[in-house]
Amino acid sequence: MADDYEFTPEEIEQAFDLAGGGCECCGKRLSWDRSRANPGRGQWEAHHGSGSRPIILCTGGPGTAI
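Residues numbered from 1 in each chain as written. Predicted model: local features only at pLDDT ≥ 70, side-chain atom pairs only at ≥ 80, totals over all residues. Heavy atoms only, no water.

**Some remarks on the overall build of the chain**
As a reminder of what qualifies: Only DSSP runs of H or I reaching four residues or more are called helices, and only runs of E reaching two or more are called strands; each is numbered from the N terminus. Only protein chains enter the accessibility calculation, which uses a 1.4 Å probe; a residue whose area is less than 20% of its type maximum is buried, one above 50% is exposed, and one in between is partly exposed. When checking whether two residues touch, look at their non-hydrogen atoms; a contact exists if any pair is within 4.5 Å. Residue burial considers only the protein chains on display, and all accessible areas are found by Shrake-Rupley using a 1.4 Å probe.
Tallying secondary structure elements over the chain gives 1 helix and 2 strands in all. Going residue by residue from the N terminus, the α and β elements of the chain occur as α-β-β. When burial is assessed residue by residue, the chain has 24% of its 66 residues classed as buried. The long-range fraction of contacts in the chain, counting pairs at least 24 apart against all pairs at least 6 apart in sequence, stands at 48%. Surface accessibility of the chain: about 4,300 Å² in total, with carbon and sulfur atoms responsible for 47%.

**Some words on the nonpolar core**
Where a protein is soluble and globular, its nonpolar side chains tend to be buried together. Quick reminder of the rule: Here the nonpolar core consists of buried residues drawn from Ala, Val, Leu, Ile, Met, Phe, Trp, Tyr and Cys, with membership extended through side-chain atoms lying within 4.5 Å.
Formed by Ala15, Phe16, Cys23, Leu30, Trp44, Ile56 and Cys58, the largest nonpolar core amounts to 7 residues. At the level of secondary structure, the elements contributing two or more residues to this core comprise helix 1 (9–18) and strand 2 (54–58). Beyond its immediate stretch of four places on either side in the chain, tryptophan 44 contacts Ile12, Phe16, Leu30, Ser31, Trp32, Arg34, Ser35, Arg36, Ile56, Leu57, Cys58 and Thr59.

**Focus: the state of the cysteines**
Filter applied, for reference: Criterion for a disulfide: a pair of cysteine sulfur atoms at a distance within 2.5 Å.
Across all of its chains, the model carries 0 disulfides by this definition. The thiol of cysteine 23 is not disulfide-bonded; the next cysteine sulfur, from cysteine 58, is found 3.7 Å away. On the accessibility criterion, cysteine 23 (7% relative accessible area) is buried. Here cysteine 26 is not disulfide-linked; the sulfur of cysteine 23 is the nearest cysteine sulfur, at 3.8 Å. By relative accessible area, cysteine 26 is classed as partly exposed at 30%.

**Description of the pattern of salt bridges**
Note the threshold: Counted as salt bridges are all cases of a side-chain nitrogen of Lys or Arg within 4 Å of a carboxyl oxygen of Asp or Glu.
On inspection of all chains with the given rule, the structure shows 1 salt bridge. Put simply, arginine 53 and glutamate 24 hold a salt bridge, and the shortest N to O gap is 2.9 Å. One end of the pair, arginine 53, is in the loop between strand 1 (44–48) and strand 2; the other, glutamate 24, is in the loop between helix 1 and strand 1, and 29 residues separate them in sequence. You can call arginine 53 partly exposed: its relative accessible area is 32%. Residue classification places glutamate 24 among the partly exposed positions, given a relative accessible area of 33%.

Everything listed is a geometric property; what it means functionally is a separate question.
Right, dumping it as structure tokens:
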């Protein structure tokens, strides 16, 4: 998958659900309403990983639950 590929909203929602609503790196609890476009506590982004689905990562400091 090319790095400039834009994930579909369905791919992002499925990845968020598979991640259990948490950061896949640190486990921080995230808020669906707080994607990169809507900053605040529990903010997150969908990143390109080495696989075929988005990786859900927090954008703030690790480990602080909402």
